[in-house]
Each structure stands twice: as C-alpha cells, then as structure tokens.
Amino acid sequence: MAGIEPQPGIMEISLYVGGKSSVEGVSNIVKLSSNENPYGPSPAAQEAVRRSLHEMHRYPPTDHAALREAIAEAHGLEADRIICGVGSDEVLQFLCHAYAGAGDEVIHTEHGFAMYRILAHAVGATPVEVPERERVVCVDSILEACTERTRLVFIANPNNPTGTMIGLSEIERLAANLPERALLVLDGAYAEYVEGYDGGAKLVHARDNVVMTRTFSKLYGLGGMRVGWGYGPREIIDVLNRIRQPFNLSGVALAAAEAAVRDSAYVEKSRSENTRLRAWLAEALAEHGVPSDASTANFVLARFADAEEAAACDTYLQGQGILVRRVTGYKLPAALRITVGDEASCRRVAHCIGLFKAGAR
Ligand code: PMP
C-alpha cells in the first residue's frame, strides 16, 4: 500500500512461532512442545473459574489488588510493587514500551527467548544479541556489549530453550555493573521450578535497576488464562501501570490465578514431579546417545549429531503423535526441546527417541 508504512522496526520482526499442538491425521497427541504443566491447573483454580463465570457481564477490577495480595503472600513480597499482565509477555512489552525507543539498544542473549527481539523491534529500538558460553548466559559478554544507548537487558533465568541458569552472585555482578540508564529484566518464567530460588526478588529489593517477571503459564498450569506479573521498584511499577490497559486481565483469569497461587500443596507436587521426571528423562535420553544440558526448568534440550538428525527425529516423533519443539530460530538447529510431561509421556518420548536412534524412521 503506497504511502502507508508501518513504524520503523516492525518489518524486521519474524513472526513468533509457537509449539505445534496437532498433526494432521494423528490422534492421541502427546504435547511436549510448549512447556506446559502436564497435570493442568490446581482443582481449586478450576473451581474458582466456575464460580467466577456468573460475573461475566461485569468489568473486572482494574487494580488486581486481590491477586497481587495473594502473590505477595505466597512469595513474601510487597503487593504494591507488583504489576499483572496478560502473560509475562505483556509485562515485557510494558517494559519495552516504557523504557526503549528509536536509537536505544535492548540486549538479549544468543539463545534467549524470542519475544525480547520482537518487543524491542516493535518499539523501534535495536535488539543487540550477545553470545552465550556453551549455552549458558555469560555476564562478561553482556557487560562488554553495553553502551550508553543500552536501556534494557533481558535475561531468562532459567533460560529457555537451554534450561541452564546462572547464580545470583553473577546476576548481582551484572546489575552492579550496568550503565546508569540500563534496567536489568530478570525473566523468571521458570523460576518456580528451581528449589530455593527467589527469581531475583532480593536483588529487586536491594537495587533500583532490576525488575523480575514471572508467569502463571508454566508451573501453575494456566497458560491458556494468560496471567503474568512483574516485581520492581515502586517508581518503575508506577510507570508501567500508566501504560497498562485498565481491564487487561479478565475476571476469570484473575480468579484462576489467585486460587492457583494459594494452592501451595498442588504447586509443590507439580514441582517435585517435574524434578523427578526431568532427571529420569535426561538419563533415559543419555542412555540412547542423546545428551542434554543440566536443566533447571520443566524441559530438557536434547542434542543430536547435527541439524539433519534433529529434524529427522522431530519428523519421526510427529509420526508417532509426539510433539516436541524445534529450536532452529534460537540458533540451536541440532537440538530439540522436550517438555517434561507426566510419567507416561516421558516414557513414551524416551522410548521413541531410542527407537529412532536405533534406526527407526
Ligand atoms: N519468558 C520465557 C523465558 C518464556 O519461555 C515464556 C513462555 N514461552 C515467557 C516469558 C512468556 O510466557 P507468558 O506470556 O505465558 O507468561
């Protein structure tokens, strides 16, 4: 359309490709492609959704006070420093919208989450990709890449799709050495899977240049409800709230998330099952000659001889009704990311990869 042009940066965006959820002609799919909780949400969350439905004609609360209180209680945080979004994606979007624009740089890492690049381009900023070291985020590389134009630094800890993470002392070192105008965004979409890790909450309390983001899409089993949150300095949360749509979260989503975060027993069970089955899956794959990095999340990154073998295995698994994730777009063409499913799914995917490695096609 002559003369009608999008804003600079938008045509640089490659569309986000989500995990596959079906294969034509194949029923009984085992979906291990989107890092979802295989047990679904807490029954209490399902009940809360049912109870909330009769309020469908009402606008939801704009301040998310009840959910923020519930999150604050569960995680030992201050409710007035929490902002809720339509998935943590929306909180990441608020951050880009508020703090980056044309002429600014947004740092993300080599195998980092695809949305960082997309969101930076969407606001006209320049995404700057920084190398990792053997699929682990490297603080020195990030610090080297910083300039006076750096406004945001995104790191996912644990990282997706590698599953690796870096220690709090490294994150502290990063935050302490960033340029004055740069904000560190610690994306903790998988933080709950790591026993004893606070996702960076203490660092947020100690510094004024760190924001942490979290989600209900993974451990809490509410990917379809689209609820995430951020935690940061009050001044930053105030800025983000100014650009947030007042009714961004539906009443149903708020009810589901509040009940889910209060059901700590269910959360604990999901976490411990994930830990047990993740170790089992990694070991079973290794026995079939498929190594993976030590994962701290709810997936493993299975490494194949080359891109061709990874693609052939993906095709073979699809034929068996098993969906995993190719991560070519994350510069990992020889790997497949496999969500830790329930026990039956883990056994099935390991068995089929074993057959594939033994020559089945
Ligand atoms: N960060 C990371 C690292 C992720 O893997 C994801 C989900 N794929 C998100 C953020 C966004 O999740 P959501 O918007 O569902 O909270």
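None of these values were measured; they are calculated from a predicted model.

Engineer: Would you mind showing me how to read the overall build of the chain here?
Structural biologist: A count of helical and extended segments in the chain gives 12 helices and 12 strands. Whereas a compact globule of 361 residues would reach a radius of gyration of roughly 21 Å, the chain reaches 20 Å, a difference of no more than 12%. Reported as C-alpha extents along the three principal axes, the dimensions of the chain are approximately 60 × 50 × 50 Å. Taking all 361 residues of the chain together, the buried fraction comes to 48%. By sequence separation, contacts in the chain at least 24 residues apart represent 73% of the contacts at least 6 residues apart.

Engineer: Teacher, can you tell me more about the site of the ligand here?
Structural biologist: Contacts to the ligand come from Gly87, Ser88, Asp89, Phe113, Ala156, Asn160, Asp187, Ala189, Thr215, Ser217, Gly223 and Gly228. For the shell around the ligand, the leading source of residues is helix α3 (residues 87–99), giving three residues.

Engineer: Teacher, can you tell me more about the packing of helix α2 (residues 65–75) against helix α9 (residues 251–262) here?
Structural biologist: Packed helices, taken two at a time, are described by the angle between their axes plus the distance between the axes. Interaxial distance between α2 and α9 falls to 9 Å at its minimum, and their mutual angle equals 15°. When the axes of α2 and α9 are compared, the pair comes out roughly parallel. α2 and α9 meet at a crossing whose hand is left-handed. On α9, the residues touching Ala66, Leu67, Ala70, Ile71 and Ala74 of α2 are Leu254, Ala257, Glu258, Val261 and Arg262. Of the residues assigned to the contact of α2 with α9, the class counts are eight nonpolar, no polar and two charged.

Engineer: Please explain the packing of helix α10 (residues 264–287) against helix α12 (residues 343–357) as it appears in this structure.
Structural biologist: Taken N-terminus to C-terminus, the directions of α10 and α12 make an angle of 10°; their axes are 9 Å apart at the nearest point. As judged from the angle between their axes, α10 and α12 are roughly parallel. Facing α10, whose interface residues are Leu277, Trp280, Leu281, Ala284 and Leu285, α12 presents Glu343, Cys346, Ala350 and Ile353. Split into classes, the residues belonging to the contact of α10 with α12 amount to eight nonpolar, no polar and one charged.

Engineer: Can you help me understand the domain arrangement of the chain in this one?
Structural biologist: Accessible area lost during the coming together of the parts is what is often quoted as the interface size. As assigned here, the chain comprises domain 1 (17–40 + 265–357) and domain 2 (43–262). Placing a centre on the C-alpha atoms of domain 1 and another on those of domain 2 gives a separation of 25 Å. Counting from both sides, the interface comprises 25 residues of domain 1 and, opposite them, 20 residues of domain 2. Of all elements in the fold, only α10 and β9 (299–303) reach the threshold of two or more residues within the side of domain 1 that touches domain 2. Take the side of domain 1 that touches domain 2: its biggest share by element is four residues, from α10. The residue makeup of the side of domain 1 that touches domain 2, split by class, is nine nonpolar, 10 polar and six charged.

Engineer: Just to check I follow, could you spell out the UniProt feature "domain: Aminotransferase class I/classII large" (unreviewed entry) in the chain for this structure?
Structural biologist: UniProt marks residues 28–351 with the feature "domain: Aminotransferase class I/classII large" (unreviewed entry), using the numbering shown here. Regarding residues 28–351, the helix share stands at 41% and the strand share at 16%, and the terminal C-alpha atoms are separated by 16 Å.

Engineer: What exactly am I supposed to notice about the sheet that holds strand β5 (residues 150–156) here?
Structural biologist: In a beta sheet, neighbouring strands are held together by backbone hydrogen bonds and run either parallel or antiparallel to one another. With mixed pairing, seven strands are arranged side by side in an open sheet as β2-β8-β7-β6-β5-β3-β4. The outermost strands of the open sheet, each flanked by one partner alone, are β2 (82–85) and β4 (126–130). Along the sheet, successive strands turn relative to each other by an average axial angle of 20°, direction set aside.

Engineer: I'm lost on the environment of Ala122 in this one. Help?
Structural biologist: Relative to the helices and strands, Ala122 is located in helix α4 (residues 114–122). Ala122 sits in the partly exposed class, given 19 other C-beta atoms within 10 Å.

Engineer: Explain the environment of Thr328 to me, please; I cannot follow it from the model alone.
Structural biologist: Relative to the helices and strands, Thr328 resides in the loop between β11 (325–326) and β12 (335–339). Since 15 C-beta atoms lie within 10 Å of it, Thr328 is described here as partly exposed. Spatially, the C-alpha atoms of Thr328 and Ala307 are 8.4 Å apart, while their sequence positions differ by 21 residues.

Engineer: So what exactly am I meant to see when it comes to unusual backbone geometry here?
Structural biologist: Leave glycine aside and you will find that most residues have negative phi; peptide bonds, for their part, are mostly trans. That bond from Asn157 to Pro158 is cis: its omega, -5°, falls within 30 degrees of zero. Considering the arrangement of structural elements, one finds Pro158 in the loop between β5 and α6 (168–177). Of the consecutive residues Asn160 and Pro161, the connecting peptide bond is found in the cis state with omega at 15°. Looking at where Pro161 falls in the secondary structure, it is placed in the loop between β5 and α6. For Lys331, which is not glycine, the phi dihedral falls at a positive 60°. Mapped onto the elements, Lys331 comes out in the loop between β11 and β12.

Here is what the cut-offs are and how they apply
- Residues numbered from 1 in each chain as written.
- Predicted model: local features only at pLDDT ≥ 70, side-chain atom pairs only at ≥ 80, totals over all residues.
- Helix = DSSP H or I, 4+ residues; strand = E, 2+ residues; numbered from the N terminus.
- Rg over C-alpha atoms; globule rule 2.2 N^0.38 Å.
- Buried ≥ 20, exposed ≤ 12 C-beta atoms within 10 Å, placed from the backbone.
- Contact = placed C-beta atoms within 7 Å.
- Near = placed C-beta within 6 Å.
- Axes fitted to C-alpha atoms, helices over the stretch in contact; angles between N-to-C directions.
- Parallel < 35°, antiparallel > 145°, perpendicular 65-115°, else oblique.
- Left-handed = near helix turned anticlockwise from the far one by under 90°.
- Nonpolar A, V, L, I, M, F, W, Y, C, P; charged D, E, K, R; others polar.
- Domains from an automatic or database assignment.
- UniProt positions renumbered as here; feature names shortened; annotations may be inferred.
- Pairing = 2+ DSSP bridges.

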